[in-house]
Structures are given as structure tokens and as C-alpha cells.
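# Summary of the model geometry
Spelled out, the chains give:
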Amino acid sequence: MRFRPIASLSVAAAAALLLAGCAGSPDAAETPDATASADAGQCQSALTDAPAPDGLVVSGDFQGKVNVTLPSGYAPTELQRTTLVEGSGQQVKAGDVLKANYTLIDAASGQVQLQSLDTAPAGMDTLINSQQIFGAALECENIGARTVSSFPAGTLGEGSPAFVLVADAISELPTRADGAEVAPVDGMPTVTFDDSGAPTITMPDAPAPTDVRIENLRQGTGDVVNPGDQVIVQYTGALYDGGTVFDSSWQRGEPAQFVTNQVVDGFRQALEGQTVGSQVVVVIPPASGYGDQAQGEIPANSTLVFVVDILGVQHATAAG
């Protein structure tokens, strides 16, 4: 299973920059993938700390809308970041999930391409990853920090313009579901958790169901996941037959993020309509998974089981 970041950028697709870094987009029939993740124990931003260029001025209150003045003819040539406000909270590291504000500006025209406050006034849910521009803008800073970062033309793929990004690190979010516990349902796989929240899945002694079965283990009170939204999750996937784990963000050390309509249909059903903070167990028969096609460690005609913690959501409407 693969996860290929999205590099395209337009005003209508600006929110997709959470996945920016190289060309391509996730295949429509994939389950999520947490590969190529940074080591959550290391603090390595992809951006060089440097003073802001002469004439680049950012004004406006922290956690509020900002005004950015760019130098005449500004054309950044380096990936660099300037700390404008020193935060006093916990250091932000790869794998953290934050509420943050972002203002993204086309360096050539000075036009705002994304103003996250317009669609997420309380802060935009962000998975910190140094290979994604929104994560790199805040990684290794502290909660409460404001930065301004510059991205040269071509950073997001051949032909992409240069950008300036102002980022406010508002608060840290849980990296496991924190909703109210819900009683388990008879006949579903049973789930136990270690101290970190990583699940162990035990299959029932019963034939696999022939339809998608979805049950909540926790019910969150956050935003609702709508069709086409981008979600931040922790998950473990196992085969119903034998219980072998074939993929797990927990084992890779940090959450994953993907768009709900770019995973197999049973996984999509388990996400859409749920709320942030919820924990879901879903049983996916072959017809709603990979069917009669083998996929990596998943044999053909496999019934899949996922336990998913929904940690954050980027609404599709934020991109248009």
C-alpha cells in the first residue's frame, strides 16, 4: 500500500497543500499508508532557520488574520523559516497533531491563496511532517510560536510558483481517540489497547460477514467527517482470517492522513459521518475492499478489519 503526496496547487486546491511535497496523488482504491514517515523522536525541519528578508513584514495578532508585505520583486531561492513569535509551550515534533492557523501567499502576486481562519476559525487540524509544507513551517518550534516561511518556485513540483507561509501553532491535539467509550457489540472483533493506545484485534469465532459492519468504540464530539474530507488518523488493519496485522500507523510511530474518497469503499464508509475523537472498528468484506485482487500482504478475497482513531479533519470545502 502506497501514499503519494499531492503537489498540485490552485486557489481551489490550496488546502491539499497539507500533502504537498512531490508529484502524484493517492490511488482511488488504496487503504491508507503510513510509510515514509519521519522519526517522531527526531526534530528535523526541512527549512533552514534564517532572518526574514529585508522588506518582508508580517503584522496582526497571534491566532488572528495577518497582513503580509513582501519586498518588491521578491523571489525566494531558499527553503527558509523565520520565527516571529517564540512559543512557550511544548516543542512541536514529527507525528504531533496541532490546531494551527495558516496564511499562504503567492510570492509573485502577493495574493492570498489560503486563509485557514476563513474555514477553520478555531484552527486547522495539522499533522506535523517535515516533508509537508504546513508541518515543516512549525516543526521544532514551540506551541504558541508564529513563523514565516519561504518556498522557492518548483518546491511543490515542476512549474509551481513561489510561496510565503505564515503559521501560528495554537495547541496540540491528542494522538489517540479521546471520545466517550461505547459498549462493544457482540459478534464484532474484540479490541484491547496498550498504554499508548495501540490496539490488538481478536477475531470472533464466526464466519466473516458479507456486508460492511461498523461499530464505534468511542464517540467523539469534534467536527463531522464529510465525503471528500482529509482525515488524520491512527489505525491498525488486520486480516479477519487469522488476525495477521498487515498495516499499522501505530507501528510506524505517527498518525497518517488521507482523503476519504481515496481509500477502499469499506474504509470510506467507516469514516464519513463520524466525528473527530471517535474510535471505529470496521469489518470490510472483499466486495468493499480489494475483491479478488491480492494487494501486498493482503491475499485475494480477504475480509479486512480496521480499528481507526479519528484525530483531525480538513473539510473539502476548505479548498474552494
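Each remark here, short or long, concerns the structure printed above.
Anyway, here's the lowdown on the structure attached to this text. The model shown is predicted, which means the values in this text are computed figures rather than measured ones. (Residues numbered from 1 in each chain as written. Predicted model: local features only at pLDDT ≥ 70, side-chain atom pairs only at ≥ 80, totals over all residues. Heavy atoms only, no water.)

This part covers the overall build of the protein. Counting its secondary structure elements, the protein contains 3 helices and 18 strands. For the protein, with 320 residues in total, the buried portion stands at 53%. A separation of at least 24 residues holds for 73% of the contacts in the protein among residues at least 6 apart in sequence. Carbon and sulfur atoms provide 48% of the accessible area of the protein, an area that totals close to 13,300 Å². (Helix = DSSP H or I, 4+ residues; strand = E, 2+ residues; numbered from the N terminus. Buried < 20%, exposed > 50% of the residue type's maximum accessible area, 1.4 Å probe, protein only. Contact = heavy atoms within 4.5 Å. Areas by Shrake-Rupley, 256 points an atom, 1.4 Å probe, with all protein chains shown as cover.)

Among the nonpolar cores identified, the biggest contains 25 residues, and Phe-267, Leu-271, Leu-304, Phe-306 and Val-308 are the most heavily contacted of them. Every element with two or more residues in this core is listed here: strand 14 (230–239), strand 16 (256–259), helix 3 (265–271), strand 17 (279–284) and strand 18 (304–314). Among the elements that take part in this core, strand 18 stands out by supplying 5 residues, more than any other. Core analysis: the next-biggest nonpolar cluster, separate from the first, contains 22 residues, Leu-114, Ile-128, Phe-163 and Leu-165 among them. (Core = buried A, V, L, I, M, F, W, Y, C linked by side-chain atoms within 4.5 Å.)

Attention shifts here to the packing of aromatic side chains. Evaluation of the coordinates by the stated rule reveals 5 aromatic pairs. For the pair Phe-246 and Phe-306, a centre-to-centre distance of 5.6 Å together with 90° between the ring planes defines the contact as edge-to-face. Taken together, the residues span a long stretch of sequence, with Phe-246 in strand 15 (residues 245–248) and Phe-306 in strand 18 at a distance of 60 residues. For Phe-306, a relative accessible area of 1% puts it in the buried group. On the numbers, 5.6 Å between centres and 65° between planes, the contact of Phe-258 with Phe-267 is edge-to-face. Overall, the relative accessible area of 3% leaves Phe-258 in the buried class. Under the relative-accessibility criterion, Phe-267 is labelled buried at 0%. (Phe/Tyr/Trp six-rings, centres within 6.5 Å; stacked < 30°, edge-to-face > 60°.)

This part takes up unusual backbone geometry. Phi is positive for Gln-63, close to 70°, though the residue is something other than glycine. For Gln-63, the position within the fold is in the loop between strand 2 (57–59) and strand 3 (67–69). Judged by relative accessible area, Gln-63 falls into the partly exposed class, the value being 36%. Backbone geometry places Asn-301, a non-glycine residue, at a positive phi of 60°. Structurally, the position occupied by Asn-301 is in the loop between strand 17 and strand 18.

Turning our eyes to something else, we now look at the environment of Ile-201. In this structure, Ile-201 sits in strand 12 (residues 199–202). Placed 38 residues apart in sequence, Ile-201 and Leu-239 show a C-alpha to C-alpha distance of 9.7 Å. Every residue in contact with Ile-201, bar those within four places of it in the chain, is listed here: Pro-189, Thr-190, Thr-236, Ala-238, Val-305 and Val-307.

A few words on the pattern of salt bridges. Evaluated as defined, the whole model comprises 9 salt bridges. Note that Glu-141 and Arg-81 form a salt bridge whose closest N and O atoms lie 3.4 Å from each other. Note that Glu-141 is positioned in the loop between helix 1 (133–136) and strand 8 (146–151) and Arg-81 in strand 4 (residues 80–85), a separation of 60 residues in sequence. Note that Asp-265 and Arg-268 form a salt bridge whose closest N and O atoms lie 2.7 Å from each other. (Salt bridge = Lys/Arg side-chain N within 4 Å of Asp/Glu carboxyl O.)

Turning our eyes to something else, we now look at the pairing of strand 16. Burial along strand 16 is two-sided: Ala-256 and Phe-258 and Gln-257 and Val-259, pointing in opposite directions, are all buried. Where strand 14 and strand 16 come together, 4 bridges link them in antiparallel fashion. The residue of strand 16 that forms the bridge with Gln-230 is Val-259. (Pairing = 2+ DSSP bridges.)

Moving on, we come to the pairing of strand 17. With 6 of 6 residues buried, strand 17 lies mostly within the body of the structure. Here strand 17 shows a buried face lined by Gln-279, Val-281 and Val-283 and a second buried face lined by Val-280, Val-282 and Ile-284. Note: strand 13 (residues 213–219) against strand 17, 5 bridges, orientation antiparallel. Following the sheet pairing, Glu-215 is matched in strand 17 by Val-281. Bridging between strand 17 and strand 18 involves 6 bridges; their strand directions are antiparallel. Along strand 18, the bridge assignment pairs Val-283 with Val-305.

For Gln-132, the position within the fold is in the loop between strand 7 (124–127) and helix 1. Look at Gln-132 and you get buried, because its relative accessible area is 7%. Among the polar contacts listed, one links the side chain of Gln-132 to the side chain of Gln-257, at a separation of 2.8 Å. (Polar contact = N/O pair within 3.5 Å; in protein donor to acceptor, adjacent residues only side chain to side chain.)

Here we come to the side chain of Asp-125. You can see Asp-125 is positioned in strand 7. Within the local environment of Asp-125, its side chain forms a polar contact with the backbone nitrogen of Val-313, the two atoms lying 2.9 Å apart.

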